[in-house]
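Coordinates in review
Spelled out from the first residue to the last, the chains are:
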Amino acid sequence: MIISELKPLPEILGYLDKDKKLFLVGCKGCAEVCHTGDEPQVLEMKQKLEKEGKKVTGHCVVDFLCDKALVKTRLLPHEDEIDAADSLLVMTCGIGVQATAAVVNKLVHPAANTINVGGVGGTWRGSERCRECGDCVLDLTGGICPLTACTKSLVSGACGGASHGMCEISKDRPCGWEQIYDRLKERGLLNRLDDLMKPLDHNKLMPRPEMMATPRYGLENPPAVPKPAEEVKVK
Ligand code: SF4
Ligand code: SF4
């Protein structure tokens, strides 16, 4: 399971800033278990945003937001509501946010951080990857993760070594930062790159003590069983 946790509301409101109309997307997979993006959570977020003067044009909770084909199909009936929105707020893990950003022609904001608790990760068929950094920056990168799309995991821009769109290190891989640039350009969002990305808060990489005390954490990390003391043979 991929563990996600909602970002604090002031952080979300900070990057929604100029966006007055929003479409909300939730997930019935891992995010439902984490209470990050299930239906009640999405409706609660709607209320909070409306209280802050935002208009929610609609919402959709998809079975598995990490499945791009499914996301595309489920969002199709909401086309008008999505068109009417300035951007989308996606309440799930980094994979779900990336999958949504890949299929809609709009700015997509992550509502959650994806946290590394060890144990078993989710399974999905797409090319999107999340390193569970705990401090999601997809808001600034057009929904493409710089930690996984860039071979050097650069978070502050391209290294400058790419050639014909391919990475200088892994020549068979497209340059992640060129992909970010192209996505933002295509959507008229190149100004996102004006916001200087803050250094990642690596403290968030490890789960907080409150998270470690949850049954979810216990399920993924069974306690170590002490080995029996070795018998000492006396000759
Ligand atoms: S920035 Fe990348 S690694 Fe970090 S939570 Fe977002 S998708 Fe995952
Ligand atoms: S060429 Fe692009 S993907 Fe490769 S290391 Fe440089 S910025 Fe990252």
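This text follows the structure it describes.
Report follows, based on the coordinates. (Residues numbered from 1 in each chain as written. Chains lettered and ligands numbered in written order. Predicted model: local features only at pLDDT ≥ 70, side-chain atom pairs only at ≥ 80, totals over all residues. Heavy atoms only, no water.)

Moving on to the environment of L65. For L65, the location among the structural elements is in the loop between β3 (55–62) and α4 (68–75). Assessed through its relative accessible area of 0%, L65 is described here as buried. The spatial distance from the C-alpha of L65 to the C-alpha of C93 is 8.7 Å, given a sequence separation of 28 residues. Dropping the residues within four chain positions of it, L65 is found in contact with V25, G26, C27, V71, V90, T92, G96, A99 and T100. (Helix = DSSP H or I, 4+ residues; strand = E, 2+ residues; numbered from the N terminus. Buried < 20%, exposed > 50% of the residue type's maximum accessible area, 1.4 Å probe, protein only. Contact = heavy atoms within 4.5 Å.)

Another point: helix α6 (residues 94–103). Most of α6 sits out of view: eight of its 10 residues are buried. Among the residues of α6, G94, I95, G96, V97, Q98, A99, T100 and A101 are the ones counted as buried. Residues of α6 that are buried in the fold lie against α4, β4 (87–90), β5 (107–110), β6 (112–115) and α8 (176–186).

With that settled, consider the packing of α4 against α6. Between α4 and α6, the least distance of the axes is 9 Å, while the angle of their chain directions is 60°. For the element pair α4 / α6, the angle class is oblique. Here α4 and α6 pass one another in a crossing that is right-handed. Facing α4, whose interface residues are K68, V71, K72 and L75, α6 presents A99, T100, A102 and V103. Its residues assigned to classes, the contact of α4 with α6 shows five nonpolar, one polar and two charged. (Axes fitted to C-alpha atoms, helices over the stretch in contact; angles between N-to-C directions. Parallel < 35°, antiparallel > 145°, perpendicular 65-115°, else oblique. Left-handed = near helix turned anticlockwise from the far one by under 90°. Nonpolar A, V, L, I, M, F, W, Y, C, P; charged D, E, K, R; others polar.)

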